[in-house]
Amino acid sequence: VISQTILIQNMYVPPPLEVGPDGHPVPQDPRDLQEHFEDFFEDLCEELLEIGGDLESVEVCQNLSDHLRGNVYAKFDREEDAQRGLTALMGRFYGGGPPPPPV
């Protein structure tokens, strides 16, 4: 690794939309969405700190574009920490399945 930052593509998945009897999506409570995201973020940061080391920042994309949606960018204090985190994430499971391989 030649960077302090690793990318984990499409890791954050928001709660699924519910569909009403009319076939249209049921509006989601913003507080529930925020709580879901905060739980994810807290779990993620704890895991990254444990497997990699100190973090400078963690960014989660919530874009509408498929190629950015759910991407996580984790910037570690040192390149060695990023390498250790990247290696530790290989073959791990999150949310019932393996996350996409980090880049």
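Preceding this paragraph is the structure being described.
Because the structure is a prediction, the values reported are computed rather than measured. (Residues numbered from 1 in each chain as written. Predicted model: local features only at pLDDT ≥ 70, side-chain atom pairs only at ≥ 80, totals over all residues. Heavy atoms only, no water.)

1. As for the pattern of salt bridges
1) Next: Under the defined criterion, the tally for this structure stands at 4 salt bridges.
2) Next: Between Asp29 and Arg31 there is a salt bridge, with the nearest N and O atoms lying 2.9 Å from each other.
3) Next: Judged by relative accessible area, Asp29 falls into the partly exposed class, the value being 26%.
4) Next: Since its relative accessible area comes to 64%, Arg31 is described here as exposed.
5) Next: The shortest N-O distance in the salt bridge between Asp81 and Arg78 comes to 3.0 Å.
6) Next: For Asp81, a relative accessible area of 5% puts it in the buried group.
7) Next: Several salt bridges share partner residues, and in doing so they unite Arg78, Asp81 and Arg84 into one network. (Salt bridge = Lys/Arg side-chain N within 4 Å of Asp/Glu carboxyl O. Buried < 20%, exposed > 50% of the residue type's maximum accessible area, 1.4 Å probe, protein only.)

2. Some thoughts on the side chain of Asn71
1) Next: Turning to its location among the elements, Asn71 is positioned in the loop between strand E4 (55-60) and strand E5 (72-76).
2) Next: Polar contacts involving the side chain of Asn71 include one to the main-chain amide nitrogen of Asn10, which spans 2.9 Å.
3) Next: If sequence neighbours within four positions are ignored, Asn71 has contacts with Leu7, Ile8, Gln9, Asn10, Glu59, Val60 and Cys61. (Helix = DSSP H or I, 4+ residues; strand = E, 2+ residues; numbered from the N terminus. Polar contact = N/O pair within 3.5 Å; in protein donor to acceptor, adjacent residues only side chain to side chain. Contact = heavy atoms within 4.5 Å.)

3. A word on the packing of aromatic side chains
1) Next: The final tally for this structure, using the stated rule, is 4 aromatic pairs.
2) Next: Judged by centre distance (4.8 Å) and plane angle (55 degrees), the ring pair of Tyr12 and Phe40 falls under tilted. Of this pair, Tyr12 sits in the loop between strand E1 (5-8) and strand E2 (18-19) while Phe40 sits in helix H1 (residues 30-51), and the two are 28 residues apart along the sequence. Taken individually, Tyr12 and Phe40 each receive the classification buried, so the pair is uniform in this respect.
3) Next: Plain terms: the ring middles of Phe37 and Phe40 are 6.5 Å apart, the flat faces sit at 40 degrees to each other, and that makes the pair tilted. (Phe/Tyr/Trp six-rings, centres within 6.5 Å; stacked < 30°, edge-to-face > 60°.)

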